[in-house]
Amino acid sequence: MLKISCAICLALFCCGCATTKRARSVETSGFLAEVAPKLRAGGEKEPLLYYRNPGVDWKSYTNILLDPVMLWRGPDSDDKAMPQSDQQRLVDTFQVILYNSLAEEGYAMVEKPAPRTMRVQVAVSKLEKTWTGPAVFAKVVPQARLLDTLQGFATGKPVFAGEASIEAKILDAETGALLAAGADRRVGGKMLNAESFNSWGDVVQIMQFWGKGLCYRLNVLRNENKAVEGGNAEMPAAGESRK
């Protein structure tokens, strides 16, 4: 027991692997039904499935209308057994993360359709919580970490880790024209931090990644002459302006 406790304490002060990581695949739900035929496999720093309208002048959009985040329940989603209060808390958390990320990036956040406005619609299609006790054990005990690593090689997901899937559409707020769409799925990583002891900690950290990722993707689209499409540009630092 003492050895395990020491290992946990040591891990809290050491660098580890990524907090979350990209999954190998994602399944779409009905949210993107009309867009699904247009989706292709995304690049390294794009969603797993991605569509972009090639005729869009992204620099002409300066405002964002962010619709309330929706929860689309898939057949194998762990959220079916979740209390309604937990579901709403996670959806509200993601709404705040997205709103704050876009506002900090410099976009004017509006409440109704207007010229030069993108309408962003996001749905969470899968939620799976972390098995906190076994997950922490697998991150700090050498034998368990080996098993966790082998499981990750086989399935692309660490054992006991949480995961989440989202689907999103970006529309012209006035015309309804589709500008871009995507679907992505991420899973918990192997880094031990304060969120490792929260059963929905992996999911919240995944949502935080997606908040930054949306800003990054919009920044790439607005500056294609400066950033290389397909993921070779650097991910912008938190709070970095889109100018």
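Our subject is the structure listed above.
Predicted, not measured: the structure shown is a model, and the values here were computed from it. (Residues numbered from 1 in each chain as written. Predicted model: local features only at pLDDT ≥ 70, side-chain atom pairs only at ≥ 80, totals over all residues. Heavy atoms only, no water.)

Caption draft 1: A look at the overall build of the protein chain. If you tally the helices and strands in the protein chain, you get 5 helices and 9 strands. Expressed as a percentage of its 243 residues, the buried residues of the protein chain come to 47%. Taking all contacts inside the protein chain whose residues are at least 6 apart in sequence as the whole, residues at least 24 apart take part in 77%. (Helix = DSSP H or I, 4+ residues; strand = E, 2+ residues; numbered from the N terminus. Buried < 20%, exposed > 50% of the residue type's maximum accessible area, 1.4 Å probe, protein only. Contact = heavy atoms within 4.5 Å.)

Caption draft 2: Inspection of the side chain of Asp67 at higher detail. Tracing the backbone shows Asp67 in the loop between β4 (63-66) and β5 (70-71). With relative accessibility at 13%, the residue Asp67 sits in the buried group. Apart from the residues within four sequence positions on either side, Asp67 is in contact with Gln95, Arg119, Val120 and Gln121.

Caption draft 3: Geometry of the environment of Lys169. On the secondary structure map, Lys169 appears in strand β8 (residues 163-172). Sequence separation between Lys169 and Ala180 is 11 residues, and the spatial gap between their C-alpha atoms is 5.9 Å. The residues contacting Lys169, other than those within four sequence positions of it, are Phe31, Leu32, Glu34, Val35, Arg119, Val120, Gln121, Leu178, Ala180 and Ala181. In terms of polar contacts, Lys169 uses its side chain to reach the side chain of Glu34, at 3.1 Å. (Polar contact = N/O pair within 3.5 Å; in protein donor to acceptor, adjacent residues only side chain to side chain.)

Caption draft 4: Representation of the packing of helix α2 (residues 84-104) against helix α5 (residues 201-222) within the structure. Running from amino to carboxyl end, α2 crosses α5 at an angle of 30 degrees, the nearest separation of the two axes being 9 Å. Between α2 and α5, the interaxial angle falls into the category roughly parallel. The handedness of the crossing between α2 and α5 comes out as right-handed. Contacts from Leu90, Phe94, Ile97, Leu98, Ser101 and Leu102 in α2 reach Val203, Val204, Met207, Gln208, Trp210, Gly211, Lys212, Leu214, Cys215 and Leu218 in α5. Looking at the contact of α2 with α5 residue by residue, the classes come out as 12 nonpolar, 3 polar and 1 charged. (Axes fitted to C-alpha atoms, helices over the stretch in contact; angles between N-to-C directions. Parallel < 35°, antiparallel > 145°, perpendicular 65-115°, else oblique. Left-handed = near helix turned anticlockwise from the far one by under 90°. Nonpolar A, V, L, I, M, F, W, Y, C, P; charged D, E, K, R; others polar.)

Caption draft 5: Representation of α5. For α5, built from 22 residues, the straight-helix expectation of 32 Å at 1.5 Å per residue is met to within 8% by its first-to-last C-alpha distance of 32 Å. Most of α5 sits out of view: 19 of its 22 residues are buried. (Expected span 1.5 Å × (residues − 1).)

Caption draft 6: Broad picture of the layout of surface pockets. Considering only enclosed or pocket space, the largest pocket measures out at about 510 Å³ in volume. Lining the largest pocket are 29 residues, and of these Glu46, Pro47, Trp210, Gly213 and Leu214 lie nearest its centre. Among the elements that line the lining of the largest pocket, the one with the most residues is α5, at 8 residues. Classifying every residue of the lining of the largest pocket gives 19 nonpolar, 2 polar and 8 charged. (1 Å grid on protein atoms, 1.4 Å probe; cavity = no way out; pocket = protein on both sides within 12 Å on 5 of 7 lines; lining within 4 Å. Points joined across faces, edges and corners; volume = space filled by probe spheres on them.)

Caption draft 7: Focus on α2. Relative to the 30 Å expected for 21 residues at 1.5 Å per residue, α2 spans 30 Å between its end C-alpha atoms, a close match to the ideal helical length. When α2 is considered as a whole, its buried residues turn out to be Gln87, Leu90, Val91, Phe94, Gln95, Ile97, Leu98, Ser101 and Leu102. Buried positions in α2, seen along its axis, are confined to an arc of 160 degrees and lie on one side of it. For α2, the exposed residues set more than 90 degrees away from the buried face come down to Ser85 and Glu104. Once α2 ends, the next one or two residues include Gly106, with phi positive near 110 degrees. (Arc of directions from axis to C-beta.)

Nothing here speaks to function; it is all geometry.
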